[in-house]
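Read off the chains here:
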Amino acid sequence: QSVLTQPPSVSAAPGQKVTISCSGSSSNIGINYVSWYQQLPGTAPKLLIYYDSERPSGIPDRFSGSKSGTSATLGITGLQTGDEADYYCGTWDSSLIAGVFGGGTKLTVL
Amino acid sequence: QVQLQQWGAGLLKPSETLSLTCAVYGGSFSDSSWSWIRQPPGKGLEWIGEINHSGITKYNPSLKSRVTMSVDTSKNQFSLRLTSVTAADTAVYYCARVIWGIRGLIVRVKYYYIDVWGKGTTVTVSS
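Residues numbered from 1 in each chain as written. Chains lettered and ligands numbered in written order. Predicted model: local features only at pLDDT ≥ 70, side-chain atom pairs only at ≥ 80, totals over all residues. Heavy atoms only, no water.

> When you look at the interface of chain B and chain A in this model, what are you seeing that I'm missing?
Between chain B and chain A, the residue contacts involve 22 residues of the former and 21 residues of the latter. In total, chain B and chain A occlude about 1900 Å² of area from one another, counting both sides; carbon and sulfur atoms represent 66% of this. On the chain B side of the contact with chain A, L45(B), K110(B) and Y113(B) bury the most area, a combined 29% of that side's loss. Counting the contacts that link chain B with chain A gives 0 salt bridges. Remark: the boundary between chain B and chain A carries 6 residue pairs in polar contact (both at pLDDT 80 or more). For the side of chain B that touches chain A, the secondary structure elements donating two or more residues are β4 (33–39), β5 (46–52), β6 (57–59), β9 (91–103) and β10 (109–117) of chain B. The element that contributes the greatest number of residues to the side of chain B that touches chain A is β10(B), accounting for 8 residues. (Contact = heavy atoms within 4.5 Å. Buried area = accessible area lost by both parts, 1.4 Å probe. Salt bridge = Lys/Arg side-chain N within 4 Å of Asp/Glu carboxyl O. Polar contact = N/O pair within 3.5 Å; in protein donor to acceptor, adjacent residues only side chain to side chain. Helix = DSSP H or I, 4+ residues; strand = E, 2+ residues; numbered from the N terminus.)

> Sorry if this is basic, but what is going on with the environment of G102(A) here?
Residues and elements named next belong to chain A. The topology assignment puts G102 in the loop between β8 (98–101) and β9 (105–109). The class of G102 is buried, set by a relative accessible area of 0%. For the pair formed by G102 and L4, sequence separation is 98 residues and the distance between their alpha carbons is 4.3 Å. In this structure, G102 is in contact with S2, L4, Q6, Y88 and C89, ignoring residues within four places of it in sequence. (Buried < 20%, exposed > 50% of the residue type's maximum accessible area, 1.4 Å probe, protein only.)

> Can you walk me through the sheet that holds strand β1 (residues 3–8) of chain B in this structure?
Adjacent strands of a sheet form backbone hydrogen bonds with each other and so pair up, either parallel or antiparallel. Residue and element names in this part refer to chain B. Strand order in this open sheet of 4 strands is β1-β3-β8-β7, and the pairing throughout is antiparallel. Looking at the sheet topology across the chains shown, the edges are occupied by β1 and β7 (67–72). Averaged over neighbouring strand pairs, the angle between their axes works out to 20° when direction is ignored. (Pairing = 2+ DSSP bridges. Axes fitted to C-alpha atoms, helices over the stretch in contact; angles between N-to-C directions.)

> Where do I start with the state of the cysteines in this structure?
Linking two cysteines covalently via their sulfur atoms produces the bond known as a disulfide. All names here are of chain A. Per the stated rule, a full pass over the model turns up 2 disulfides over all chains. Across the disulfide, C22 is cross-linked to C89 (sulfur-sulfur distance 2.0 Å). Residues C22 and C89 are joined through a disulfide that is right-handed, its torsion about the S-S bond being 75°. Of this pair, C22 sits in strand β2 (residues 18–23) while C89 is found in strand β7 (residues 85–93), placing the two residues 67 residues apart along the sequence. With a relative accessible area of 0%, C89 lands in the buried category. (Disulfide = S-S within 2.5 Å.)

> How should I be thinking about the packing of aromatic side chains in this particular structure?
Counted by the stated rule, this structure contains 15 aromatic pairs over all chains. On the basis of an interplanar angle of 90° and a centroid distance of 5.7 Å, the ring pair of W92(A) and W47(B) is categorised as edge-to-face. On the criterion of chain membership, the pair formed by W92(A) in strand β7 and W47(B) in strand β5 is interchain, its members lying in two chains. Exposure remark for W47(B): the relative accessible area of 2% places this residue in the buried category. Seen in terms of ring centroids, W92(A) and Y112(B) are 4.7 Å apart; in terms of plane orientation they differ by 45°. Their pairing is tilted. Here W92(A), found in strand β7, pairs with Y112(B), found in strand β10, and the two come from separate chains. Here W92(A) falls in the buried class, since its relative accessible area comes to 4%. Overall, Y112(B) belongs to the buried group, its relative accessible area being 5%. Taken together, the ring pairs connect Y33(A), Y50(A), Y51(A), Y111(B) and Y113(B) into an aromatic cluster. In this structure, K58(B) is placed above the aromatic ring of W100(B), and the distance from its NZ or CZ to the ring centre is 5.7 Å. (Phe/Tyr/Trp six-rings, centres within 6.5 Å; stacked < 30°, edge-to-face > 60°. Lys NZ or Arg CZ within 6 Å of the ring centre and 35° of its normal.)

Here you go:
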């Protein structure tokens, strides 16, 4: 049971937009920044978003992040088949004194 | 550019001790914290803990009694030991670099994220 809650799967057609939600609490998302990771099949996760909405160098602006209260959202526009992957949110939990992740969301580009 | 190379035994029997090491190449070993994260087959990511160059550690409360992390600054390496393993510890284990701190002068908000990941080591626990 993950501390952060994500939908198990989302899907959309190529070229469309999709959003992935991440729900937490007042001890994690509510007070700390959120990060997002993309994990392509058989590979290590890769940082997509940090500071809730900042993209590392090299990450296209098709990927965006936002946060409101104790929930965060990853948005992906102009979907490509290469975006098919598992996506994870993460943050620090100040009550647990530990890093925490969501359970992951599998994106299918139909 | 920081790169992480990890290694360790991939097949263990129940009750044995898991031991993994991660070497850091490039960047400053002393300026960062270092973490271990695992992923059971078909499941999500689980934070195991972190250690800094001074050896100060934080562990996942659910694993704390079995986990020990250590650091060798002379070799730019950090290690993970997990005792009394069971089948539930079967997973891909990743070493990683942690970026963390506090932003803001009036409203101070903590940031904590992983910006560099090792390739992962598959550890299987089976009798």
